[in-house]
Amino acid sequence: MNDVGAWLRGVLGRRLDGVVEARHWFRGRRDEDAASLIHAWLYFEGAGPVLLHGCGEQLEVADGEPYAPYDMQEAGETRVGPAQPPDLLAGFVGAMLVDGSVIIGYDGVCGGLRLRFDRGDLVLGSLGDDWYLSEGEMPAGWRTA
């Protein structure tokens, strides 16, 4: 998807019907919320799923369906399924997106998204090859477009 802003404008006023996450598990356990997240798919009312992929300081947004879970042998496994409480993304399922903006990261490209729902703000993005997830707080140096 070349224009993240156009996608965002297209889902304004829609309900977030679901979130599917791919998470890394090792020996039956996973790390904290942002640390175990690999990919997320957002399902907005009346729109196809959108894949969120963090790569360095850039958040890539693309059309696409979730992939199947897979085993990584001695490195653990990747589990794919609906976001579950208490993870942050699960808390916004069912909420209406009332506003949003693209976050410009340190290198001048899309580093994340600020999504304003009727029940609060979600900030998500890629920061140093790690996921950044917050209820409204943005890291220093990020700005909205």
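Residues numbered from 1 in each chain as written. Predicted model: local features only at pLDDT ≥ 70, side-chain atom pairs only at ≥ 80, totals over all residues. Heavy atoms only, no water.

Draft legend 1. Spatial organisation of the side chain of Asp 33. Within the secondary structure, Asp 33 is located in helix H2 (residues 33–36). Sequence-distant contacts of Asp 33, that is, excluding residues within four places in its chain, are made with Arg 23, Asp 87, Leu 88 and Leu 133. (Helix = DSSP H or I, 4+ residues; strand = E, 2+ residues; numbered from the N terminus. Contact = heavy atoms within 4.5 Å.)

Draft legend 2. View of the sheet that holds strand S8 (residues 110–117). Ordered in space as S10-S9-S8-S7-S11, the 5 strands form an open sheet in which the pairing is antiparallel. Across the chains shown, the open sheet's two edge strands, defined by having one partner strand only, are strand S10 (130–134) and strand S11 (143–144). Bridge analysis of strand S7 (residues 97–104) against S8 gives 7 bridges, and the strand direction is antiparallel. From the neighbouring strand, Val 102 faces S8, where its bridge partner is Leu 113. Contacts from helix H1 (residues 4–11) reach S7 and S8 within the one sheet, and its direction differs from that of S7 by about 170 degrees. (Pairing = 2+ DSSP bridges. Axes fitted to C-alpha atoms, helices over the stretch in contact; angles between N-to-C directions.)

Draft legend 3. Structural view of the pairing of S10. The element S10 is largely enclosed, with a buried count of 4 among its 5 residues. Pairing between strand S9 (residues 120–127) and S10: 5 bridges, direction antiparallel. Bridge assignment links Leu 124 to a residue of S10, and that residue is Leu 133. Hairpin connection from S9 to S10: 2 residues lie between these consecutive antiparallel strands, with Gly 128 at a positive phi of about 60 degrees. (Buried < 20%, exposed > 50% of the residue type's maximum accessible area, 1.4 Å probe, protein only.)

Draft legend 4. Quick peek at the pattern of salt bridges. Counting across every chain of the model gives 9 salt bridges. Where Arg 23 meets Glu 21, a salt bridge forms, and the shortest distance between an N and an O atom there is 2.9 Å. By relative accessible area, which is 4% here, Arg 23 ends up buried. For Asp 121, the salt bridge identified is with Arg 114, shortest N-O distance 3.8 Å. Residue class for Arg 114 comes out buried when judged on its relative accessible area of 14%. Linked by salt bridges that have partners in common, Glu 21, Arg 23, Arg 30, Asp 33 and Asp 87 make up one network. (Salt bridge = Lys/Arg side-chain N within 4 Å of Asp/Glu carboxyl O.)

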